[in-house]
Amino acid sequence: MNWSEFFNMGGYAFYVWSSYALALVIILANIVSPLMQRKKVIKRIKRTLKREQLEREQL
Amino acid sequence: MWNWIQRFSSPKHFYSMSVPLIKWLSISALLIGLYGLYLGLFVAPTDYQQGESYRIIFIHVPAAWMSLFVYMVMAISSGIGIIWQIRLADMVAAASAPIGASFAFLALVTGSLWGKPMWGAYWVWDARLTSELILLFLYLGYMALQSAIDDQRSADKASGLLAIVGVVNIPIIHYSVEWWNTLHQGATVTKFDTPSMHIDMLIPLLLMALAFKLFYATIVLMRTRNEALYRDRNRRWVRELVEKL
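Residues numbered from 1 in each chain as written. Chains lettered and ligands numbered in written order. Predicted model: local features only at pLDDT ≥ 70, side-chain atom pairs only at ≥ 80, totals over all residues. Heavy atoms only, no water.

A. Just the overall build of chain A, in detail. Of the regular secondary structure elements, chain A holds two helices and zero strands. For 59 residues, the compact-globule estimate of 2.2 N^0.38 gives 10 Å, and the C-alpha radius of gyration of chain A, at 24 Å, exceeds that figure by more than 25%. C-alpha extents for chain A along the principal axes are approximately 75 × 15 × 10 Å. Looking at chain A as a whole, 24% of its 59 residues qualify as buried. Split by element, the accessible area of chain A, about 4500 Å² in all, is 63% carbon and sulfur. Both charge centroids of chain A, one from 10 positive and one from 4 negative side chains, sit 3 Å from each other. (Helix = DSSP H or I, 4+ residues; strand = E, 2+ residues; numbered from the N terminus. Rg over C-alpha atoms; globule rule 2.2 N^0.38 Å. Buried < 20%, exposed > 50% of the residue type's maximum accessible area, 1.4 Å probe, protein only. Areas by Shrake-Rupley, 256 points an atom, 1.4 Å probe, with all protein chains shown as cover. Lys, Arg positive; Asp, Glu negative; His and termini not counted. Charge placed at Lys NZ, Arg CZ, Asp CG, Glu CD.)

Laid out in structure tokens, this is it:
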């Protein structure tokens, strides 16, 4: 079996490779999403901590 | 016993304990997934009826199985959260919803891409397809309820009840191919007699299913850690932890 035959998937290339491509996209999105979420949560908590510190200093 | 559960289900304990778990789960998901892909794309023989198009199975079936499995995890942890008020269980449920929704979506779209060359249509309103679509809507409904209610405890209760009621859909999905005359093919693996599938196709399928499960475990732990940080944002352990970051 050569590579062009492999990518051709017996004429079903579009259906097979679209499926695998979508799976890859969904897996990557599932990895990236919690990493971004974590950054956002930490940023938000840090902001609150800083604000509270400023309020304490003003008193 | 109860004290033990309380201590080990504390978000703080979970947060530190989950680090090595995530590492090993993600590594094994990657290795098993790559090996499964290799076997599925290069070693598994061509199907005598469907040609090469059947190779969609190695994505489609694991995604569909996981969409059911994740739903059960979500419903059971919602139940544990509601009955025993274990906060970590509510966090696991909330963390599972978007992952399960993505698996349900993947199962529907890959099924559609497989249906077109085999049945001649991207979509038919057949019992299996329709009940899987309802599963996706249940996930989306859970997520909408979670974000619509500000009070966290009420949000967990409302969305948790939706998840539990929606469990009725799970056997409907599973048995739909037996109860109704569907275009969708019947079970090939989860039959009581020997699976009607060539062993060289079955092994990569089971490996991919295992890889998907390990992947879910990795991601749900990552998301639950975020939930723990966010929900405990006013507690001392989170404040001390974030100050050091």
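Further notes follow.
B. Highlighting the overall build of chain B. Of the regular secondary structure elements, chain B holds nine helices and zero strands. Moving toward the C terminus, one meets the helices and strands of chain B in the order α-α-α-α-α-α-α-α-α. Out of the 245 residues in chain B, the part that is buried amounts to 50%. Summed over its atoms, the accessible surface of chain B is roughly 12200 Å², and 66% of this surface lies on carbon and sulfur atoms.

C. Just the side chain of S53 of chain B, in detail. You can see S53 of chain B is positioned in the loop between α2 (11-43) and α3 (57-84). Looking at S53 of chain B, the relative accessible area reads 0%, which means it is buried. Leaving out residues up to four positions away in the same chain, S53 of chain B has contacts with Y12 and V16 of chain A together with W114 and M118 of chain B. (Contact = heavy atoms within 4.5 Å.)

D. Geometry of the interface of chain A and chain B. At the junction of the two partners, chain A supplies 31 residues and chain B supplies 36 residues. Between chain A and chain B, a total of about 3200 Å² is buried, with carbon and sulfur atoms accounting for 71% of that surface. When the buried area of chain A at its contact with chain B is split by residue, Y15, Y20 and N30 of chain A rank highest and sum to 19% of it. At the boundary of chain A with chain B, the tally comes to one salt bridge. (Buried area = accessible area lost by both parts, 1.4 Å probe. Salt bridge = Lys/Arg side-chain N within 4 Å of Asp/Glu carboxyl O.)

E. Representation of the packing of aromatic side chains within the structure. Per the counting criterion, the structure on display carries 18 aromatic pairs over all chains. Among the aromatic residues, ring-to-ring pairing joins W3, F6, F7, W17 and Y20 of chain A together with Y38 and F42 of chain B into one connected group. (Phe/Tyr/Trp six-rings, centres within 6.5 Å; stacked < 30°, edge-to-face > 60°.)

F. Representation of the packing of α3 of chain B against helix α6 (residues 152-165) of chain B within the structure. All names here are of chain B. Following both chains from N to C, one finds α3 and α6 inclined at 130 degrees, their axes separated by 8 Å at the closest point. As summarised for this structure, α3 and α6 are arranged oblique, according to the angle between their axes. Two packed elements cross with a definite hand, and for α3 against α6 that hand is left-handed. Contacts between α3 and α6 involve Y71, M74, A75, S78, G79 and I82 on the former and, on the latter, K157, G160, L161, L162, A163 and I164. Among the residues forming the contact of α3 with α6, the class breakdown is eight nonpolar, three polar and one charged. (Axes fitted to C-alpha atoms, helices over the stretch in contact; angles between N-to-C directions. Parallel < 35°, antiparallel > 145°, perpendicular 65-115°, else oblique. Left-handed = near helix turned anticlockwise from the far one by under 90°. Nonpolar A, V, L, I, M, F, W, Y, C, P; charged D, E, K, R; others polar.)

G. View of the nonpolar core. The biggest cluster of nonpolar side chains holds 78 residues, and the ones touching the most others in it are I57, F58, Y71, M74, F103 and Y139 of chain B. The set of elements that each furnish at least two residues to this core consists of α2 (13-58) of chain A together with α2, α3, α4 (87-119), α5 (127-148), α7 (169-179), α8 (199-231) and α9 (236-244) of chain B. Top contributing element to this core by residue count: α4 of chain B, with 16 residues. Leave out the neighbours within four places in its chain, and F58 of chain B touches Y20 of chain A together with G40, A44, M201, P204, L205 and M208 of chain B. (Core = buried A, V, L, I, M, F, W, Y, C linked by side-chain atoms within 4.5 Å.)

H. Representation of α9 of chain B within the structure. Residue and element names in this part refer to chain B. Where α9 is concerned, the buried positions are W237, V238 and V242. Take α9 and look down its axis: the buried residues cluster within an arc of 120 degrees, on one side only. Away from its buried face, by an angle of more than 90 degrees, α9 presents the exposed residues R236, E243 and K244. (Arc of directions from axis to C-beta.)

I. Structural context of the environment of F14 of chain A. Within the fold, F14 of chain A resides in helix α2. For the pair F14 of chain A and K50 of chain A, spaced 36 residues apart in the sequence, the C-alpha separation amounts to 53 Å. Excluding its chain neighbours within four sequence positions, the residues that come into contact with F14 of chain A are L113 and Y122 of chain B.

J. Examining the packing of α2 of chain A against α4 of chain B more closely. Two elements in contact, α2 of chain A and α4 of chain B, have axes separated by 9 Å at closest approach and are oriented at 175 degrees. Classed by the angle they form, the pair α2 of chain A and α4 of chain B counts as roughly antiparallel. The segment α2 of chain A lies against α4 of chain B, with F14, Y15, S18, S19, L22, A23, I26 and N30 of chain A engaging I99, S102, F105, L106, V109, T110, L113, K116 and P117 of chain B.

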